[in-house]
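The primary structure of each chain is shown beneath.
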Amino acid sequence: MYTQGLDQKGHSTPQSAELEDAAQLEAFMLRVGEEEKIEAKDWMPEAYRRTLVRQISQHAHSEIIGMQPEGNWLTRAPSLKRKAILLAKVQDEAGHGLYLYSAAETLGVSRDQMVADLLSGKAKYSSIFNYPTLTWADIGTVGWLVDGAAIMNQIPLCRCSYGPYARAMVRVCKEESFHQRQGFEIMLELSRGTEDQKAMAQDALNRWWWPALMMFGPGDKDSKHSAQSMAWKIKRFSNDELRQKFIDATVPQAEFLGLRVPDDDLKYNEDTGHYDFGKIDWQEFHDVLAGNGPCNKQRMAKRNKAQDDGAWVREAARAYADKHA
Ligand code: BYC
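Peer 1: Break down the overall build of the protein for me, citing the residues and quoting the values.
Peer 2: From N to C terminus, the protein includes 14 helices and two strands. Radius of gyration (C-alpha) of the protein: 22 Å, near the 20 Å computed for a compact globule of 325 residues. Along the three orthogonal principal directions, the C-alpha set of the protein runs to about 75 × 60 × 35 Å. Each of the 325 residues in the protein was classed as buried or not, and the buried ones make up 48%. For the protein, the exposed area adds up to about 16,800 Å²; of that, 56% sits on carbon and sulfur atoms.

Here you go:
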């Protein structure tokens, strides 16, 4: 933690270090409680820093790996207009990855290290990107559901206690909102099209619905990080709260499209004002996280190949920088 290492005073004894840490921790929690932003050079507990590095880098990796399932349709988009829109969206995802790697770097971890952790399989990325995009309707569904779930999760992150992450999320969310709208618009066109197009839209919804619900992470009782992350105001809502908000917002959209959500237990509950829904297959979620989803190996192989193919660019950039140093 380079920046903080520089800022901290030397500790003479372990006891005085402990006392100083307790005072610093109290001041830190006070600032968090008062909704003050924590900035890169401010004192922060080591566990807070590690949690942010884990979450922000996982988020950045998700953006970069997420380019693959969408990029799969760049050469096959049904019209020039659709191709231009999809190209812009995929480029936005690369931009999100870059803002997020930069935000994580302010915590003293290098981008090279984060990328190395992704490529070695040590760091996670979102489970959702281990599913294949089989038809054009999948591109609509990814925008509608995957970006929709991402927005639900990320709007509260604009109020995250760590300033650089919160500020990066403001821009990311603006762009994700456009992505969600373009996905919904593809679904609208397909669901109002021919019988084959409607069937294609329904098939995509059938395959993506449950994985989209898994994006919010394990249920609250199994979420090991939620309580602490909420106390630090990194997260503002629990995984289950966000999942419920997403379902409540999305089911009426499916109804508007004339599509059926693939859940026999889905039912509006008049008493709670929320939709009740069926059981999530957590075994599938854990299998995907363990590297055994439909596309994990393909995604990692492609990312590793892209890194190897780009080695000469990094080498040339380094040589250029050395020459001008
Ligand atoms: N996939 O205690 P928990 C996007 C891990 S897509 C993989 O609840 P936490 C985009 C979790 O990391 C979305 N891993 O943890 C959209 C933890 O693992 P470790 C990317 C998952 O951190 C369209 C363990 O399970 N967004 O942006 O409180 C196009 C226990 O979980 C998942 C973000 O990353 C999952 N779905 O909550 C392109 C948003 N769920 O490290 C791109 C920021 C859980 O302890 N991240 N895990 O072994 C977050 O909000 C939170 O990190 C999570 C998990 C909601 C993901």
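Peer 1: Which residues make up the pattern of salt bridges, and what values do they have?
Peer 2: Taken as a whole, this structure holds 21 salt bridges when the rule is applied. When the shortest N-O distance is used, the salt bridge between D42 and R31 registers 3.1 Å. On the criterion of sequence distance, the pair formed by D42 in the loop between α2 (14-33) and α3 (46-65) and R31 in helix α2 is long-range, its members being eleven residues apart. Residue R82 pairs with E189 through a salt bridge whose shortest N-O separation is 3.2 Å. With a gap of 107 residues between them, R82 in helix α5 (residues 80-105) and E189 in helix α8 (residues 163-191) connect regions that are remote in the sequence. We classify E189 as partly exposed; its relative accessible area is 49%. One connected set of salt bridges, linked through shared partners, spans E70, K89, E93 and D147.

Peer 1: Tell me about unusual backbone geometry, and name the residues and values.
Peer 2: Positioned with a positive phi, E35 is a non-glycine residue whose angle comes to about 65°. Here E35 is to be found in the loop between α2 and α3. Classification of E35 as partly exposed rests on a relative accessible area of 41%. In this structure, K233 takes a positive phi of about 60° despite not being glycine.

Peer 1: Explain the side chain of Q55 to me, and be specific about the residues and the numbers.
Peer 2: Along the chain, Q55 falls in helix α3. Contact partners of Q55, with chain neighbours within four places excluded, come to L157, Y165 and I234.

Peer 1: Please give an account of the environment of N239 that cites residues and values.
Peer 2: Turning to its location among the elements, N239 is positioned in helix α11 (residues 239-257). Sequence separation between N239 and S229 is ten residues; the distance between their C-alpha atoms is 11 Å. Only 3.2 Å separates the side chain of N239 from the backbone oxygen of F216, close enough to count as a polar contact. Among the polar contacts made by the side chain of N239, one reaches the main-chain carbonyl oxygen of P218 at a distance of 3.0 Å.

Peer 1: Could you give an account of the site of the ligand, naming the residues involved and the relevant values?
Peer 2: The environment of the ligand is made up of 32 residues, and the closest members are K124, S223, H225, K235 and N239. Interatomic distance of 3.2 Å between a side-chain N/O atom of E63 and an oxygen atom of the ligand. Counting only elements with at least two residues in the shell around the ligand, the list comes to α3, α7 (136-154) and α12 (282-292). Sorting elements by how many residues they give to the shell around the ligand places α3 first, with six residues. Among the residues forming the shell around the ligand, the class breakdown is twelve nonpolar, 13 polar and seven charged.

Peer 1: Lay out helix α6 (residues 111-120) with the relevant residues and their values.
Peer 2: The complete set of buried residues in α6 reads M114, V115, D117, L118 and L119. Remark: G121 follows α6 within two positions and exhibits a positive phi of approximately 90°.

Peer 1: Any chance you could break down the state of the cysteines for me, citing the residues and the numbers?
Peer 2: Applying the stated criterion to the full structure yields zero disulfides. Just so you know, C160 is unpaired, no disulfide at all, and the nearest cysteine sulfur is the one on C158, 9.7 Å from it. C160 gets classed as buried once you look at its relative accessible area, which sits at 0%.

Peer 1: Let's hear about the packing of α5 against α7: which residues, and what values?
Peer 2: Two elements in contact, α5 and α7, have axes separated by 13 Å at closest approach and are oriented at 40°. On the basis of their axis angle, the class for α5 and α7 is oblique. Here α5 and α7 pass one another in a crossing that is left-handed. Between α5 and α7, the contacting residues are R82, L86, K89 and E93 on the first element and W136, I139, G143 and D147 on the second. When its residues are assigned to classes, the contact of α5 with α7 shows three nonpolar, one polar and four charged.

Reading the values: rules and limits
Residues numbered from 1 in each chain as written. Predicted model: local features only at pLDDT ≥ 70, side-chain atom pairs only at ≥ 80, totals over all residues. Heavy atoms only, no water. Helix = DSSP H or I, 4+ residues; strand = E, 2+ residues; numbered from the N terminus. Rg over C-alpha atoms; globule rule 2.2 N^0.38 Å. Buried < 20%, exposed > 50% of the residue type's maximum accessible area, 1.4 Å probe, protein only. Areas by Shrake-Rupley, 256 points an atom, 1.4 Å probe, with all protein chains shown as cover. Salt bridge = Lys/Arg side-chain N within 4 Å of Asp/Glu carboxyl O. Contact = heavy atoms within 4.5 Å. Polar contact = N/O pair within 3.5 Å; in protein donor to acceptor, adjacent residues only side chain to side chain. Near = heavy atom within 4 Å. Nonpolar A, V, L, I, M, F, W, Y, C, P; charged D, E, K, R; others polar. Disulfide = S-S within 2.5 Å. Axes fitted to C-alpha atoms, helices over the stretch in contact; angles between N-to-C directions. Parallel < 35°, antiparallel > 145°, perpendicular 65-115°, else oblique. Left-handed = near helix turned anticlockwise from the far one by under 90°.

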